[in-house]
Amino acid sequence: MVNENRIVENFLDMVKIPSPSKNERKMGDYLIEILKELGLEVEEDNAGIKNGGNCGNIIGILKSQGRKKYLFSAHMDTVVPCEKITPIIENGIIKSDGTSILGGDDKGGIAAIIEMLRVIKEKNLDHPEIVVVFSMAEEIGLLGAKAFEVEKYNIDFGFILDSSGKPGKIITKAPSAARGVLKVIGKPAHAGISPENGINALTVAAHAITKIKLGRVDSETTSNIGVVSGGQATNIVMPTVELQYEARSLSNEKLENLLKETFDIFSNVAEEFGAKFENEVNVEYPGFVLDDNEEVITIVKEACERAGITSETVSSGGGSDTNIYNNKGIPAVNLAVGMTKVHTLEEYIEISDLVKLAKILVEIIKG
Ligand SMILES: [Zn+2]
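No experiment lies behind these values; they were computed from the predicted model shown.

A word on the coordination of the zinc ion
Next up, step 1: At 1.9 to 2.1 Å from the zinc ion lie its protein donor atoms, namely His-75 (NE2), Asp-105 (OD) and Asp-162 (OD).
Next up, step 2: On the basis of relative accessibility, which here comes to 1%, the residue His-75 falls in the buried class.
Next up, step 3: Residue classification places Asp-162 among the buried positions, given a relative accessible area of 11%.

Okay, here's the thing in C-alpha cells:
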C-alpha cells in the first residue's frame, strides 16, 4: 500500500524547495498542484497577508459522505539555513550534506500526509471527510495555525505531524509558554565622580533574580532567563538592563501564577531601589492536556496496533500547532515523524520511519 520509493522521492523534492518562515510561496505552489492532482478541493487562506508572509495556509478538502471529519496538518516552513539543501541517502537514512538543515521538520510530516492521500486514491479506500492543512510560519510563533479559521470546517479530531521521536509516539500534553523581556530602568551617573546619583539597573535586577523562581519550578513548570543585556561603559552606572525571560507550564493556571509572582517581585524590588520595572512578557501559546481515554488518542493507538507499531502517549516540553487547535476546541494530538536532531546541520530522518508514519495515517483513516 504505502510506496517507499514514492514517499522518498516526494520528500527529497520538497526538502530541495527552500521555505523559510513567511517565505513559503514555492512550497505552497508545489503542494497546491499535488493536492489538485489527487482530487482535493484546494483553498489558500489569508494567513500570509495577515502575517506579512508570501503564502497563506494551504488547505485541501477530500469530501466523504456521513463520516467524521479529520484534520491532518504539518507545517511548510523550516528554520534556516535552508536556502540550498542537498539531501544525501546513506544506509537508509536521509540527511543534509552538512551545510544546511534537512527540513524533515516538517516536510517528513507533509510527505506522510501526501502518501496517505495517494494510497486512498490508488486503492479507492473508504475514508472520513479529510481536511489537510499545510500551515505557514509555525517556527516563528505558530502564526499560520493561529490565523487559520478552523471553526469554518467542523472538524472532529486533529492529527498534527510535527514531533521528533519514533512514529508511534503520541504527544497528548504540551505546555503553555510565555516569553519576553523583563526590563529594569535605573538611572545613569558618572561611576567615578558621582555614583551616588545613579541607580544601577543590574544591581536591582540581581536582587529580584535571587527572589524569583528559576529553572524547574515543579514537575509541570519551568522558567529561565536566557539573555542579559545592558550598559555602555565601565564609567557609567548601568542605566537599564534587559532580561530575556521565558516560562512554561502544563497548567495554564500555574503559568499565570508564576508570571504574576515574578512580575510582582520585580516591581517591588524596583520600587525599593527607586528604579522602574517594565514588563514585556506575553503568553505565546496556550497548553493542552488530553485525558488518556479521549477518542482521538484511541483512534491513533488502534491505528498503530493494526500497523504493527508500538504506541505510547507522552508529554512534550514545547509548543506546536497542536496547542492552537486544542485551544480552539478540537481534540488534537501531535504525532512523531521520526525527524531527529531538528534545527541543526546534523538533522536526519530514517526512511523506514517515513514509511511507518504513512502506514499509521492510512490506518487512522481506515479505522
Ligand atoms: Zn516542526
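A few points about the pairing of strand E12 (residues 240-249)
Looking down a regular strand, the side chains alternate between one sheet face and the other.
Next up, step 1: Two elements, strand E9 (residues 176-185) and E12, share 10 bridges in a ladder whose sense is antiparallel. The partner of Ile-185 across the bridge, within E12, is Thr-240.

Section: the domain arrangement of the chain
Next up, step 1: What the domain assignment lists for the chain is domain 1 (4-174 + 288-366) and domain 2 (176-285).
Next up, step 2: Domain 1 and domain 2 are separated by 38 Å when their C-alpha centres are compared.
Next up, step 3: Domain 1 puts 12 residues into the contact, and the matching count from domain 2 is five residues.
Next up, step 4: When the two sides are added together, the surface that domain 1 and domain 2 hide from each other amounts to roughly 580 Å², 55% of it contributed by carbon and sulfur.
Next up, step 5: Those elements that provide at least two residues to the side of domain 1 that touches domain 2 are strand E8 (169-174) and helix H9 (321-327).
Next up, step 6: Split into classes, the residues belonging to the side of domain 1 that touches domain 2 amount to four nonpolar, six polar and two charged.

Considerations on the layout of surface pockets
Next up, step 1: In this model, the largest pocket occupies a volume close to 530 Å³.
Next up, step 2: For the largest pocket, the lining is made up of 29 residues, of which Glu-138, Asp-162, Gly-318, Gly-319 and Ser-320 are closest to its centre.
Next up, step 3: Contributing elements (two or more residues each) for the lining of the largest pocket: strand E7 (157-163), E8, strand E13 (276-285) and H9.
Next up, step 4: With three residues, the single largest contributor to the lining of the largest pocket is E8.
Next up, step 5: Class assignment of the residues belonging to the lining of the largest pocket gives a composition of eight nonpolar, 13 polar and eight charged.
Next up, step 6: Of the domains in this structure, domain 1 (4-174 + 288-366) and domain 2 (176-285) are the two that each give at least three residues to the lining of the largest pocket.

What about empty space enclosed by the protein?
Next up, step 1: Taken as a whole, this structure holds one cavity of 30 Å³ or more when the rule is applied.
Next up, step 2: Estimated volume of the largest cavity: approximately 30 Å³.
Next up, step 3: Residue assignment for the lining of the largest cavity shows that the elements contributing at least two residues are E8, helix H8 (295-307), strand E16 (332-336) and helix H10 (351-366).
Next up, step 4: In the lining of the largest cavity, the residues fall into eight nonpolar, one polar and one charged.

Quick notes on the sheet that holds strand E10 (residues 215-218)
Across a sheet, paired strands are connected by hydrogen bonds in the backbone, their directions being either parallel or antiparallel.
Next up, step 1: On the basis of which strands lie adjacent, the open sheet formed by five strands has the order E10-E11-E12-E9-E13 and antiparallel pairing. The sheet is open, and its two borders are formed by E10 and E13, each paired with just one other strand. Averaged over neighbouring strand pairs, the angle between their axes works out to 20 degrees when direction is ignored.

Looking at the sheet that holds strand E5 (residues 93-95)
Next up, step 1: The three strands are arranged E4-E5-E17 in an open sheet whose pairing can be described as antiparallel. Every interior strand has two partners, whereas the edge strands, strand E4 (88-90) and strand E17 (348-350), have only one. Between one strand and the next, the sheet's axes are offset by a mean angle of 25 degrees, whatever the strand orientation.
Next up, step 2: Inspection of the sheet shows E4 paired to E5 by three bridges, in the antiparallel sense. Bridge assignment links Ile-88 to a residue of E5, and that residue is Lys-95.
Next up, step 3: Sheet contacts for helix H1 (residues 4-15): E4, E5 and E17; angle to E5, the most-contacted strand, approximately 10 degrees.

Some points on helix H6 (residues 201-209)
Next up, step 1: Those residues of H6 lying buried are Ala-201, Val-204, Ala-205 and Ala-208. Down the axis, H6 shows its buried residues gathered within 95 degrees of arc, on one side only.
Next up, step 2: Its side-chain oxygen placed 2.8 Å from the backbone nitrogen of Leu-202, Asn-200 serves as the N-cap of H6.

A short note on the packing of aromatic side chains
Next up, step 1: Applying the stated criterion across every chain yields a total of seven aromatic pairs.
Next up, step 2: When the ring of Tyr-70 is compared with that of Phe-159, the centres are 5.2 Å apart and the planes differ by 55 degrees; the resulting orientation is tilted. With Tyr-70 in strand E3 (residues 69-75) and Phe-159 in strand E7, the pair connects residues that are 89 residues apart, well separated along the chain.
Next up, step 3: Note on Tyr-70: relative accessible area 7%, which makes it buried.
Next up, step 4: On the basis of relative accessibility, which here comes to 0%, the residue Phe-159 falls in the buried class.
Next up, step 5: Relative to Phe-277, the ring of Phe-266 has its centre 5.3 Å away and its plane inclined at 25 degrees; by these criteria the two rings are stacked. Remark: Phe-277 occurs in strand E13 and Phe-266 occurs in helix H7 (residues 252-273); sequence separation between them is 11 residues. Phe-277 carries the same exposure label as Phe-266, and that label is buried.
Next up, step 6: An aromatic cluster of at least three residues, connected via ring pairs, comprises Tyr-70, Phe-72, Phe-157 and Phe-159.

Rules behind the numbers
For every chain, the first residue of the written sequence is number 1, and numbering continues from 1 onward in sequence order. It should be noted that, the model being predicted, local features are given only for residues of pLDDT at least 70 and side-chain atom pairs only at 80 or more, the latter also being counted only at that level, while totals for whole chains, interfaces and linings use all residues. The side-chain values count all of the structure's non-hydrogen atoms but skip hydrogen atoms and water molecules. Metal donors: N, O and S atoms at distances within 2.8 Å, or within 3.2 Å for Na, K and Ca, with water omitted from the atom set so that some sites may seem incomplete. Burial classes follow relative accessibility: with a 1.4 Å probe on protein chains only, a residue under 20% of its type's maximum area counts as buried, one over 50% as exposed, and anything between as partly exposed. Two strands form a pair only when DSSP identifies at least two bridges running between them. Numbering goes from the N terminus for both helices and strands, where a helix is a DSSP run of H or I of at least four residues and a strand is a run of E of at least two. Bear in mind that the domain bounds are from an automatic or database domain assignment. Between two residues, a contact is recorded if the distance between any of their heavy atoms is within 4.5 Å. A simple way to read buried area is as the amount of 1.4 Å-probe accessible surface that goes missing from two parts once joined, with both sides added. Polarity classes work like this: nonpolar for Ala, Val, Leu, Ile, Met, Phe, Trp, Tyr, Cys and Pro, charged for Asp, Glu, Lys and Arg, and polar for all others, with Gly in that last group. Space inside and on the surface of the protein is sampled on a 1 Å grid over the protein atoms alone, with a cavity defined as a set of points where a 1.4 Å probe fits but cannot get out and a pocket as an open set with protein on both sides within 12 Å along at least 5 of 7 lines; lining residues have an atom within 4 Å of a point. Grid points are joined across faces, edges and corners, and a volume is the space filled by probe spheres set on the points. Lines fitted to C-alpha atoms define the axes, with helix axes restricted to the stretch in contact, and inter-axis angles between N-to-C directions lie between 0 and 180 degrees. Working note: the arc is built from the helix axis to C-beta atom directions. N or O atoms within 3.5 Å of each other form a polar contact, as long as, within protein, one can give a hydrogen and the other can take it, and as long as residues adjacent in sequence are counted only when both atoms are side-chain atoms. Pairing of aromatic rings covers Phe, Tyr and Trp, the last counted by its six-membered ring, and requires centre-to-centre distances within 6.5 Å; plane angles under 30 degrees mean stacked, over 60 mean edge-to-face, and any other angle means tilted.

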